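So you can see what is in the structure, the chains are spelled out below.
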Amino acid sequence: MNHGQQSGEAKHEDDAALTEFLASLMDYTPTIPDDLVEHYLAKSGFQCPDVRLIRLVAVATQKFVADVASDALQHCKARPAPVVKDKKQQKDKRLILTMEDLSKALREYGVNVKHPEYFADSPSTGMDPATRDE
């Protein structure tokens, strides 16, 4: 068998695998709804009537979000734990994901997040009390 036949067979196998994968997308319901993906694709100027492509984008987006969340969790675990004086709080070992953890994880993917130096508890925080609608 020569090199041309081997690469031709490999291409045929790749095409068959791609066709099978695209067909499986018709039966798959992604976490991110098709309408939401279509909305953001249309907002960016992309329109495609092929549901398989919409679902492929949804699956890729789901994978990206899962990877970022996993990396943010690793940053959270690597952060030094705060000193706890209360024994009841020592038993509670929940992790708290911070914006700093998320920003570090996103930076690894080339996404730079800029956030204000402080976050308000409500939209009216910091406003003159006379102008608040509360």
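Sequence order as written defines the numbering, with residues in each chain counted from 1. Under the rules for a predicted model, residues below a pLDDT of 70 receive no local features and side-chain atom pairs below 80 are neither given nor counted, while totals for whole chains, interfaces and linings still include all residues. The side-chain figures draw on all heavy atoms in the structure; neither hydrogens nor water molecules are used.

- The name an unreviewed UniProt entry gives the protein is Transcription initiation factor TFIID subunit 10, with Noccaea caerulescens as the organism.
- Listed under Function (unreviewed entry) in UniProt, the entry text for the protein is "TAFs are components of the transcription factor IID (TFIID) complex that is essential for mediating regulation of RNA polymerase transcription."
- UniProt positions are given in the numbering used here, feature names are shortened, and annotations may be inferred rather than shown by experiment. Listed in UniProt under the heading Subcellular location (unreviewed entry), the comment for the protein reads: "Nucleus".

Description of the overall build of the protein
Right, on to step 1. Under the scheme used here, helices are H or I runs from DSSP no shorter than 4 residues and strands are E runs no shorter than 2 residues, and both carry numbers assigned from the N terminus. Of the regular secondary structure elements, the protein holds five helices and zero strands.
Right, on to step 2. Going from N to C terminus, the protein has its helices and strands arranged as α-α-α-α-α.
Right, on to step 3. Classification of the 134 residues of the protein by burial places 13% in the buried group.
Right, on to step 4. Long-range contacts, defined as pairs at least 24 residues apart, comprise 55% of the intrachain contacts of the protein with a sequence gap of at least 6.
Right, on to step 5. Note on areas: Shrake-Rupley with a 1.4 Å probe; residue coverage comes only from the protein chains shown. When the accessible surface of the protein is summed, it comes to about 11,200 Å², and 57% of that surface belongs to carbon and sulfur atoms. Using a 1.4 Å probe on the protein chains alone, a residue whose accessible area is under 20% of its type maximum counts as buried, one over 50% counts as exposed, and one in between counts as partly exposed. Contacts are assigned to residue pairs that have any heavy atoms within 4.5 Å of one another.

Here we look at the nonpolar core
Right, on to step 1. Here, nonpolar core refers to any group of buried Ala, Val, Leu, Ile, Met, Phe, Trp, Tyr and Cys residues whose side-chain atoms link them within 4.5 Å. Residues Ile32, Val37, Leu41, Ile54 and Ala58 constitute the largest nonpolar core, which totals five residues.
Right, on to step 2. What Ile54 contacts, discounting residues up to four positions off in sequence, is Asp34, Val37, Glu38, Leu41 and Cys48.

Focus: the environment of His115
Right, on to step 1. Inspection of the secondary structure puts His115 in the segment after helix H5 (99–107).
Right, on to step 2. Taking the relative accessible area as the measure of exposure, His115 reaches 38% and is therefore partly exposed.
Right, on to step 3. When the C-alpha positions of His115 and Ser103 are compared, they lie 9.3 Å apart, and in sequence the two are twelve residues distant.
Right, on to step 4. Among residues more than four places away in sequence, those in contact with His115 are Met99 and Ser103.

Describing the confidence of the model for the protein
Right, on to step 1. Per-residue pLDDT for the protein has a mean of 81; in total, 73% of the residues score no lower than 70.
Right, on to step 2. No element of the protein has a lower mean pLDDT than helix H4 (residues 87–91), which averages 62, and none a higher one than helix H2 (residues 34–43), which averages 95. Scored between 0 and 100, pLDDT is the confidence that the predictor attaches to each residue.

Description of H5
Right, on to step 1. Those residues of H5 lying buried are Asp101, Ser103, Ala105 and Leu106.
Right, on to step 2. Looking at the buried side of H5, the elements it contacts are helix H3 (51–78).

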